[in-house]
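If you want the building blocks of each chain, they are given just below.
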Amino acid sequence: MIDLIWLIPLLPLVGFLINGLARNVLPKSLVGAIGSGVVLAAFLLSCGVFSSVYAARQAGETATFIQPIFQWIGAGDLRVSMSFLVDPLSAIMLLIVTGIGFLIHVYSIGYMKHDAGFAKFFAFLNLFIFFMLLLVLGSNYVVMFIGWEGVGLCSYLLIGFWFTNTAYAGAAKKAFVMNRIGDLGFLIAVFLIFATFGTLEFSQIFPQAAGMMTGDATLLLITLLLFIAATGKSAQIPLFTWLPDAMAGPTPVSALIHAATMVTAGIYMIARSNILFTLSPITLQIVAAIGLCTALLAAAIAITQNDIKKVLAYSTVSQLGYMFLGLGVGAFTGAFFHVITHAFFKGLLFLGAGSVIHAMSNEQDMRNMGGLRKQLPITYLTMLMGTIAIAGIPPLSGFFSKDEILAHAFATNKLLWILGFIGALFTAFYMFRMLFLTFFGKFRGSAEQANHVHESPVTMTIPLIVLAVLSVIGGLLNVPAALGGGHALAEFLSPVFADSAARSEAFHLAHSTEYLLMGISAIGAIVMAVVAYRKYVSNAAVPTADEAPRGVLSRLSYHKFYVDELYDRLIVRPLNGLSVFFYRFTDKGGIDGLVNGLDKTIGETGKGLRLLQSGNVGFYIFMMVIAAVALLAYGFFNL
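Residues numbered from 1 in each chain as written. Predicted model: local features only at pLDDT ≥ 70, side-chain atom pairs only at ≥ 80, totals over all residues. Heavy atoms only, no water.

**Q** I'm lost on the packing of helix 5 (residues 141-159) against helix 6 (residues 166-197) in this one. Help?
**A** Relative placement of two packed helices is described by the angle separating their axes and the distance separating the axes. At their nearest, the axes of helix 5 and helix 6 sit 8 Å apart, and the two run at 175° to each other. Viewed along their axes, helix 5 and helix 6 adopt a mutual orientation that is roughly antiparallel. Two secondary-structure elements touch here, helix 5 through Tyr 141, Met 144, Phe 145, Trp 148, Glu 149, Gly 152, Tyr 156 and Ile 159 and helix 6 through Tyr 168, Ala 171, Ala 172, Lys 173, Ala 175, Phe 176, Arg 180, Asp 183, Phe 186, Leu 187, Val 190 and Ile 193. Of the residues assigned to the contact of helix 5 with helix 6, the class counts are 15 nonpolar, one polar and four charged. (Axes fitted to C-alpha atoms, helices over the stretch in contact; angles between N-to-C directions. Helix = DSSP H or I, 4+ residues; strand = E, 2+ residues; numbered from the N terminus. Parallel < 35°, antiparallel > 145°, perpendicular 65-115°, else oblique. Contact = heavy atoms within 4.5 Å. Nonpolar A, V, L, I, M, F, W, Y, C, P; charged D, E, K, R; others polar.)

As structure tokens, then:
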């Protein structure tokens, strides 16, 4: 099955070409079947690849396979091949990208049914899957970078899918520009990697790096640049503000790109490059600090947001921060475990939000919802499962993955655990707040919306049910030894992180300590759920109007701590002013002035000389006499 790995990215590319080129002639039913079918086929192949990798791991092998496709670049010492790497890490990512991607494609058949750009939307989704698969399969940094840039392009196309709305088009441009800032760091890092190791192949770089000294200055610079790239793609401070605005795109886009796949590319890249980061402890400390600050900031903002998608967007930023916290404290398996569970419950929550928006005639303000659990029973129950999972309440998946990260944080630095725990409390509160405002209490929408409310079609509810089941059982992938598990995921991924494990202190906490941390975390989440219930169900509180006065902390949170305004003052306005200066004085006054000045001078000279061509014969005879006299004078004075 490994020999067929090349088919996995090829199939979505074929789907993109068919739906893209024939978008004006194919019926919507066929477009949906083709778009979803190619991703399903890729998923089935991915299952076969995963089974081969799993069998190899069960046999005690490292289960690492490289499949060359063709030699791509050859110049001097530089050799870059288009080749794919299959190992435990990429095998799991294949299942996430194609499996959840297929569910979201099916969901989109119902959600985008009445959209005029139905075929174009599916073409863009297929193209995104193709580039995401390149990113996770690439055996070198160049192929990874192609996929990295490709998913950024598709994100721009899908965020701005409804580009006739200028605000949505602006959100797409914002995402594109902020990602380009991070991508520059990736590109410079690639140059430094080649200059240092003489190759860009993972299989040659990592063994060389394993023999280097901890704290090497070159590795520090490389890892800092790679982390800059990750902050852009995975929406961390300071490059995080694009992701909440990216909710301008259709909801399936939010579920696929901004929850389950693209935004986790930064975590995947660092996990893939783990030995480089392990040998750069300063970078790991920065990763942990930035991740924790992002988790807290985004969670604090989510508490007061009223747009159901914005709540989930800031929740995503916060959960990504926890993944970076895990990476920063050396919990590479824990961070990747959270990538998996987050793909389940956050994909579910976004699709559930889309189901609510679909039922509410595109209404996204939770202040205009309420009491929807009776009309949307499947959506409610599945979103309840997703909410419990993300809140970290046992025994659902988020409890296991989040607590593994927090346990490593506790072992590294108690302050990291305390702050991480506070962020987890915020998470439980704002998620149950969203659930209660949406599904409990009295309906607060219009009469027209009340008449329109209905459960979503089966193409939308089946993906919700599947993801809800995965959100419930996903934690079984890596049950800790303290609860009788065998760290199955950690064992499966051990060859990927073997070099880092050899250079790091082994993680160890007494079972009693683990039980205490788990208990505190679970009780804290339940308490926050009860607090949210009392406020928004028992007391029937409804968030205040936008213009209503607020307390200092509430105002800061509601206005997102004015980060966008700060960026506007410090970066956007000065750059716009500089652009205006160059336009007026350099472009118009300098370049245009020179070109237009020459044009005007030649034109005016021509106008003057044109007067000599009067058509008067007497004038011409006079000029001939003048010319003859001038020639005679010239000859006389030059004798």
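Once the structure has been displayed, the description carries forward.
**Q** Explanation requested: the packing of helix 5 against helix 8 (residues 217-233) in the structure shown.
**A** Where helix 5 contacts helix 8, the axes come no closer than 12 Å and their chain directions differ by 25°. In terms of axis orientation, helix 5 runs roughly parallel to helix 8. Every pair of crossing elements has a handedness; the one defined by helix 5 and helix 8 is left-handed. Contacts from Tyr 141, Trp 148, Val 151 and Gly 152 in helix 5 reach Leu 226, Ala 229, Ala 230 and Lys 233 in helix 8. Classifying every residue of the contact of helix 5 with helix 8 gives six nonpolar, one polar and one charged. (Left-handed = near helix turned anticlockwise from the far one by under 90°.)

**Q** What is the right way to read unusual backbone geometry from this model?
**A** Glycine aside, residues mostly have negative phi, and peptide bonds are mostly found in the trans state. The omega torsion of the bond from Ile 237 to Pro 238 falls at 5°, within 30 degrees of zero and hence cis. By secondary structure assignment, the location of Pro 238 is in the loop between helix 8 and helix 9 (242-245). Between Pro 394 and Pro 395 the backbone carries a cis peptide bond, its omega angle lying at 5°. Mapped onto the secondary structure, Pro 395 falls in the loop between helix 16 (377-391) and helix 17 (397-412). Unlike most non-glycine residues, Asn 362 shows phi in positive territory, near 70°. Counting through the fold element by element, Asn 362 comes out in the loop between helix 15 (332-359) and helix 16. A positive phi angle, close to 60°, is found at Lys 560, a residue other than glycine. By the secondary structure assignment, Lys 560 is in the loop between helix 24 (552-558) and helix 25 (563-610). Looking at Lys 560, the relative accessible area reads 25%, which means it is partly exposed. (Buried < 20%, exposed > 50% of the residue type's maximum accessible area, 1.4 Å probe, protein only.)

**Q** It is not clear to me how helix 6 should be interpreted in this structure. Could you clarify?
**A** Spacing of three or four residues puts side chains on the same side of an α-helix, whose turn is 3.6 residues. Relative to the 46 Å expected for 32 residues at 1.5 Å per residue, helix 6 spans 46 Å between its end C-alpha atoms, a close match to the ideal helical length. At Ile 181, helix 6 is deflected by roughly 25°, the largest bend along its length. Its side-chain oxygen placed 2.9 Å from the backbone nitrogen of Ala 167, Asn 165 serves as the N-cap of helix 6. Following helix 6 by one or two positions, Gly 198 adopts a phi angle in the positive range, close to 75°. (Expected span 1.5 Å × (residues − 1). Bend = angle between axes of the 7 residues up to and from the residue. Polar contact = N/O pair within 3.5 Å; in protein donor to acceptor, adjacent residues only side chain to side chain.)

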